Amino acid sequence: MDYFIELFLSGLTRGSIYALIALGYTMVYGIIGLINFAHGEIYMIGAFTSFIVATTLSIYGFPLAAIVVVAGVAAAIWSSAYGYTVEKIAYKPLRHAPRLAPLISAIGMSILLQNYVLLAQTSDFLAFPALIPEFAFMEPVAHIIGSSDLVILITTAVVMLALTLFIKFTRIGKAMRATAQDRTMALLVGINVDRVISATFILGSALAAIGGLLIASHIGQINFAIGFIAGIKAFTAAVLGGIGSIPGAVLGSLVLGLTESFATGYVSSDYEDVFAFSLLVLILIFKPSGLLGKADTKKV
Amino acid sequence: MMMTVKEIKKSLLVSLWFVFLTFPIMVIKVNPIERTVTWRWSNVLYVAVGSFVISLLAKAWLVRKARAAGRQQAACQARASILQELLHRPGYRYPLIIMFSGLALAFPHLFSTYQANIMTTALMYIVLGLGLNIVVGVAGLLDLGYVAFYAIGAYSYALLNLNFHLGFWAALPIGGLLAALFGLLLGFPVLRLRGDYLAIVTLGFGEIIRLVLENWNAFSKGPSGISNIPRPGFFGLEMSLDHAMIYMYYLMIGLVLLTVFVVNRLQHSRLGRAWLALREDEIACQAMGIDKTRIKLTAFALGAFWAGLVGVIFAAKTTFVNPASFTFLESAIILAIVVLGGMGSIVGVICSALILTLLPEYLRALSEYRMLAFGAILVAMMIFKPEGLIAAVRRTYRFHERKSVAALQDDE
Amino acid sequence: MMNKRMSKPILDVSGLTMDFGGIRALDHLDFDVQATEIVALIGPNGAGKTTLFNCLTGIYQPTDGEIRLACPKTGQQTRLNGLKPNKITEKGMARTFQNIRLFSQMTVLENVMIGRHCRTHSLILGAILRNRKTREEEQETIHKSYEILEKVGLAGQVDELAGNLSYGAQRRLEIARALATEPFLLLLDEPAAGMNPQETVELVTLIRQIRDEGHAILLIEHDMKLVMTLSDRVVVMDYGEKIAEGTPEQIRTNREVIKAYLGEDGE
């Protein structure tokens, strides 16, 4: 039973991280209908920025609490800046181009960012500093759930709640929902669509950065290529839940995290990634609208 | 080039933004084991100057493009490049072709075997590019898992040889057909999907194939791969390594010629027209009685076929295959070749395959930046020159003896 | 008031209903088209005319009802429900689009040649070997396409990119492309939209000529003058229902129609 609970909780942790990344995919898709291929790279850059900042601060002898806060904020700021810049350079000029064009541009951006980090930093795996301490009160249940799992679950829950409130009640959140429903109408009622799109990229990137920081300190190492596989999995989660739908992205992520955790725990870990990819292929073929998405009717 | 103060100011702001953006990753380098921090301040300067210049150039380009579009009403009319112009003029066409083929034939004798070997690789990418060009360039289906078919070709030769001692020449068609078969199997459920979903599914398929090859030890020998794959034979003749390399080179020349011939004929056929139409408007295509699934499937399978052929040749050339040769990046390189060359343009794909494979080989200093450049090419081409280096030109048709011929020729 | 014809209709629609979620776009629609007849479909915006076309041509699957197509030559009847759009075109019904959907990066001639696709057969091997049969088929495709272009008055622009044509010429090219599929029933979705008076007059002549060559025509049109001069019969739709049907004269004086167009308190 303990093993089952352990797998369940580690599945939830996994799913939470996927959710933080998947939200970025789903929000961007909801607004401009583009699969932002470079989103996994934004997450990777978040992890790298927090690694660089945290290690530097720890070398200069700052206390742990300060390191966590500064690294988290820096990761969010720079990831957002990258997300914003990528949109401005690679997607905005192509908003009226044929559908294939922004997709190819996104793939290019993804490759570009990966290799930029590879060249500017290193291709080796880097040890990520332990930012989350082992809490004493977690001692009795440590064999089932680690402290960092707990932190990840709580942080994700808080972030989700904040995001929901943000989208429901703030001006820009409302503008986002309006733009997602009908971009032309939003433009006509005076919403600055460019600003909404930028805000979506910034928000999605910040969420991905938090995910990057959490997973990196959870696993303990990073390298330039972590964004690719994480991006694909988060995208799988977003599609599973119904791309464009925010609750769908969270649900899909949790489902994917749990199934992966149980599959690796009870079956075999060799085919973990094959499993995720196969799931993606199967959903897209048989139920492309996902669990909570709505099927789109073609206009003629 | 006229630059106003305002534009320069804007570019300065852009450059400032990039200095900020790249600051943590470009400037700070930490070593978590030795616990040292290196501040690479000189990078600030490079980034500042680099982004300033690129920003100015990009702006100048966009201004020029807008002006050109304003001047010419028929902006969407693709103009023939000089090379194509020459190829279409009979007076130049044959001397040019003879010159090129002379050069191609003499190449291994003019230069070293090492050079011929590099050239063979470039020729392989030409065929891969032409194959993917059918799928992406002509039919407009973004296939991000093209490398899977390449892997299928390579592994089918490796495994057929390992288990059944099948020779190169027997494996060559089998590899191609097997890849095409996989193309059909994948395409059948997948080709109904919308363009962007299709891209993701093919990407997933590519990764699945690679991961299966990596993990299924009993079948594919896992990550260590299969070695001692024989090179192609020539009527049982024993060849030195040098001769085998040169033989390989001529083989590839032959395959390139065959591919160009076949792809060219396909493009200018009933099928090729349907592919192009499908790229432009699927619904209109269906309304014209075109079975879109069937037409897409043929494009997909034909593209896969060439990848399978080159896969077999790759296995024979390197005498060793392992899953690491078939990552997503390989698909991305081939896609970059198609995009840079110009979607649907055969001459363009040949040129860009040569540029993208030979340039990093000969400028060793650049080879480190190879993938960075490929990424940048994909983005830049989409923004600045989506039609590619050498755009495909629409064909005009000739008529046989009819009263309308005169009227038609007046028109040209 | 409706004169029941003796011959079997080539298109027979009965009880056709189309729901989008909770919205009923077509509501138990019945009508038919006879061979070599010109039927006009009119009605206010949003009446469901284009939805009807999309149901007929297989782009939408109707929720309920029957669509039957009968070839006037063989008399063979086919139920169109559930068939793919390309199959329906093969059966002999072709259409044009309200918002022009040409292959704009292909030449005028190529656009029409695409229309010949479903009447030709060469495949991969034929394309590669370019054997005699393929060459002959290709020549025939070119000739037939060219003939059709002559008919619609675009023979002088065969090598032009379709996207560079004038608006009126693009509409005529759409008709040419549809004709190339050898339909016995041609559906035209607002063929005169955006045309100047001169072009509209030419269009009327063209449509008459097409009918005289043995094609039946079902057209959606807002230009009442064109509808009244051209059509043998008019079907009026409003809110997805058929509210009237008859000769142009009958429709002109029909109170229901006037009400639908001018609102409740119209004269």
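Residues numbered from 1 in each chain as written. Chains lettered and ligands numbered in written order. Predicted model: local features only at pLDDT ≥ 70, side-chain atom pairs only at ≥ 80, totals over all residues. Heavy atoms only, no water.

1. Observations regarding the overall build of chain C
Spelled out, the test is: Strands here are runs of E lasting at least two residues and helices are runs of H or I lasting at least four, both read from the DSSP assignment and numbered beginning at the N terminus. Radius of gyration here uses only the C-alpha atoms, and the compact-globule reference equals 2.2 Å multiplied by the residue count raised to the power 0.38. Residue burial considers only the protein chains on display, and all accessible areas are found by Shrake-Rupley using a 1.4 Å probe.
Looking only at helices and strands, one finds 10 helices and 10 strands in chain C. In terms of C-alpha radius of gyration, chain C reaches 19 Å, essentially the compact-globule figure of 18 Å for 267 residues. The dimensions of chain C, computed from C-alpha atoms along their principal axes, are 65 × 40 × 40 Å. Accessible area for chain C stands at about 11,400 Å²; split by element, carbon and sulfur atoms hold 50% of it.

2. Let's talk about helix α2 (residues 39–59) of chain A
All names here are of chain A. Defined as follows: A helix is expected to span 1.5 Å for every residue after the first. Throughout this description, buried means an accessible area under 20% of the type-specific maximum (1.4 Å probe, protein chains only), exposed means over 50%, and partly exposed covers the range between.
Its 21 residues place the ends of α2 30 Å apart at the C-alpha level, agreeing with the 30 Å of an ideal helix rising 1.5 Å per residue. Most of α2 is tucked away, with 19 of its 21 residues classed as buried. Where α2 ends, the next residue or the one after it, G61, has phi of about 80°, a positive value.

3. A short note on the pairing of strand β4 (residues 64–70) of chain C
For a regular strand, side chains alternate in direction, first toward one face of the sheet and then toward the other. All names here are of chain C. As a reminder of what qualifies: At least two DSSP bridges between two strands are needed for those strands to be called paired.
As paired strands, strand β1 (residues 11–20) and β4 are joined by five bridges and run antiparallel to one another. For D12, the partnering residue across the bridge sits in β4 and is R68. The pairing of β4 with strand β5 (residues 77–79) spans three bridges and is antiparallel. By the bridge assignment, L69 is partnered in β5 with T78. Linkage of β4 to β5, two consecutive antiparallel strands, is achieved through a turn of six residues, within which G75 is found at a positive phi near 75°.

4. As for the pattern of salt bridges
Under the convention used in this document: Put simply, a salt bridge is a Lys or Arg side-chain nitrogen that is within 4 Å of an Asp or Glu carboxyl oxygen.
As enumerated under the stated definition, the model contains 29 salt bridges over all chains in all. Of the charged contacts, one joins R95 of chain A and D194 of chain A as a salt bridge, the two residues approaching to 2.5 Å between their closest N and O atoms. Here the residue R95 of chain A occupies a position in the loop between α3 (64–91) and α4 (100–120), and D194 of chain A occupies one in helix α8 (residues 193–219), the gap between them amounting to 99 residues. Using a relative accessible area of 21% as the deciding quantity, one classes R95 of chain A as partly exposed. Residue class for D194 of chain A comes out partly exposed when judged on its relative accessible area of 32%. Note that E245 of chain C is salt-bridged to R233 of chain C, the shortest N-O span being 2.4 Å. With E245 of chain C in strand β10 (residues 241–246) and R233 of chain C in strand β9 (residues 233–238), the pair connects residues that are 12 residues apart, well separated along the chain. Across the pair, R233 of chain C and E245 of chain C agree in class, each one buried. One network of salt bridges, with partners in common, ties together E87, K88, K92, R95 and D194 of chain A.

5. Brief notes about the interface of chain C and chain B
Inclusion rule: Residues count as neighbours in contact if any of their non-hydrogen atoms are within 4.5 Å of one another. Buried area counts how much accessible surface, traced with a 1.4 Å probe, disappears from two parts once they are put together, with both parts' losses summed. Counting of polar contacts relies on pairs of N or O atoms within 3.5 Å, with two restrictions inside protein: one atom must be capable of donating a hydrogen and the other of accepting it, and residues adjacent in sequence are counted only when both atoms are side-chain atoms. Three classes are used, and their members are as follows: Ala, Val, Leu, Ile, Met, Phe, Trp, Tyr, Cys and Pro are nonpolar, Asp, Glu, Lys and Arg are charged, and the others, Gly among them, are polar.
Counting residues at the interface gives 50 residues for chain C and 45 residues for chain B. Interface area for chain C against chain B, summed over the two sides, is near 4,300 Å², with a carbon-plus-sulfur share of 58%. Together, H117, I128 and D159 of chain C form the three largest contributors to the area buried by chain C at its contact with chain B, with a combined 14%. Here chain C and chain B share two salt bridges between them. Residue R273 of chain B pairs with E138 of chain C through a salt bridge whose shortest N-O separation is 2.8 Å. Inspection of the region where chain C meets chain B yields 11 residue pairs in polar contact (both at pLDDT 80 or more). Broken down by secondary-structure element, the contributors of at least two residues to the side of chain C that touches chain B are α2 (85–91), α3 (108–115), α4 (124–129), α5 (132–152) and α6 (167–179) of chain C. Partitioned by chemical class, the residues of the side of chain C that touches chain B number 20 nonpolar, 17 polar and 13 charged.

6. Quick notes on the nonpolar core
Here is the rule: What we call a nonpolar core is a set of buried Ala, Val, Leu, Ile, Met, Phe, Trp, Tyr and Cys residues that are connected through their side-chain atoms within 4.5 Å.
If you look at the biggest cluster of nonpolar residues, it comprises 260 residues, and the most contacted ones within it are L142, F149 and W275 of chain B together with L11, L185 and L218 of chain C. Among the nonpolar cores identified, the runner-up in size contains 46 residues, and I42, A94, L173 and V234 of chain C belong to it.

7. Digging into the interface of chain A and chain B
Contact with chain A, which involves 60 residues of that partner, is made by 59 residues of chain B. Between chain A and chain B the total buried area reaches about 5,400 Å² when both faces are included, carbon and sulfur atoms providing 78% of it. Seen at the junction of chain A and chain B, the total is zero salt bridges. Here chain A and chain B share 10 residue pairs in polar contact (both at pLDDT 80 or more) between them. Elements that contribute at least two residues to the side of chain A that touches chain B include exactly α2, α3, α4, β1 (126–127), α9 (226–241) and α11 (272–286) of chain A. Of the residues forming the side of chain A that touches chain B, the biggest block, 15 residues, is contributed by α4 of chain A. Within the side of chain A that touches chain B, the residues separate by chemical class into 44 nonpolar, 11 polar and five charged.

8. Here's the deal with the pairing of β9 of chain C
All names here are of chain C. Taken across its six residues, β9 has six buried, putting it largely inside the fold. Where burial is concerned, the two faces of β9 agree: the one with R233, V235 and M237 and the one with V234, V236 and D238 are both buried. In this structure, strand β3 (residues 38–42) lies alongside β9, joined through four bridges in parallel fashion. Opposite I42, over in β9, you have V236 as the bridge partner. From the end of β9 to the start of β10, which pair antiparallel, there are two residues, and Y239 there has a positive phi angle of about 45°.

9. A look at the domain arrangement of chain C
By a frequent convention, interface size equals the accessible area lost on bringing the separate parts together. Residue and element names in this part refer to chain C. Note the following rule: Segment limits for the domains were obtained from an automatic or database-derived domain assignment.
Partitioning chain C into structural domains gives domain 1 (1–92 + 183–267) and domain 2 (102–182). Averaged C-alpha coordinates put domain 1 and domain 2 at centres separated by 27 Å. Contacts between the two partners involve 21 residues from domain 1, matched on the other side by 15 residues from domain 2. Between domain 1 and domain 2, a total of about 1,400 Å² is buried, with carbon and sulfur atoms accounting for 66% of that surface. The three residues of domain 1 that bury the most area against domain 2 are E90, P183 and L206, which together make up 31% of that side's buried surface. Counting the contacts that link domain 1 with domain 2 gives one salt bridge. The partner of E213 in a salt bridge is K151, with the nearest N and O atoms 2.8 Å apart. Summed over the shared surface of domain 1 and domain 2, the result is four residue pairs in polar contact (both at pLDDT 80 or more).

10. Observations regarding the packing of aromatic side chains
Quick reminder of the rule: Geometry of aromatic contacts follows a simple scheme: Phe, Tyr and Trp rings, the Trp one being its six-membered ring, pair when their centres are within 6.5 Å, and the pair is stacked under 30 degrees between planes, edge-to-face over 60, tilted otherwise.
Under the definition given, this model contains 30 aromatic pairs over all chains. Between the aromatic rings of W39 of chain B and W41 of chain B, the centroid separation amounts to 5.7 Å while the plane-to-plane angle is 10°, which identifies the pairing as stacked. For W39 of chain B, a relative accessible area of 32% gives the class partly exposed. Each ring, one from F305 of chain B and one from W306 of chain B, has its centre 5.3 Å from the other, and the planes form 75°; the classification is edge-to-face. The class of F305 of chain B is partly exposed, set by a relative accessible area of 22%. Put simply, the rings of Y3, F4, F262 and Y266 of chain A touch in pairs and so form one group of aromatic residues.

11. A short note on a nonpolar patch on the surface
Residues and elements named next belong to chain A. For clarity, the cut-off: A patch is a set of surface residues, each over 30% in relative accessible area and not in a salt bridge, joined within 9 Å for like charges and within 5 Å for the nonpolar side chains Val, Leu, Ile, Met, Phe, Trp and Tyr.
On the surface, M1, Y3, F4, I5, F8, Y266 and V267 cluster together into a nonpolar patch covering about 750 Å² of accessible area. Looking at the nonpolar patch, the elements with two or more residues in it are α1 (2–32) and α10 (246–267). Checked against the element boundaries, F4 lands in helix α1.

12. A few points about the sheet that holds β9 of chain C
Consider a sheet: its strands pair through backbone hydrogen bonds, and that pairing is either parallel or antiparallel. All names here are of chain C. Note the following rule: For helices, the axis comes from a line fit to the C-alpha atoms of the stretch in contact; other axes are also lines fit to C-alpha atoms, and the angle between any two N-to-C directions lies between 0 and 180 degrees.
Across the sheet, which stays open at both edges, the six strands sit in the order β6-β7-β8-β3-β9-β10 with mixed pairing between neighbours. Where the open sheet ends on each side, the last strands, each with one partner, are β6 (93–95) and β10. Averaged over all adjacent pairs, the angle separating strand axes in this sheet is 20°, with direction ignored. Here strand β7 (residues 185–189) pairs with strand β8 (residues 216–220) via five bridges, running parallel. What sits directly across from L186, in β8, is I217. Sitting on the sheet, α6 touches β6 and β7, and the angle it makes with β7 is about 155°. Across the sheet, helix α7 (residues 197–212) lies against β3, β7 and β8, angled at about 145° from β8, the strand it touches most.

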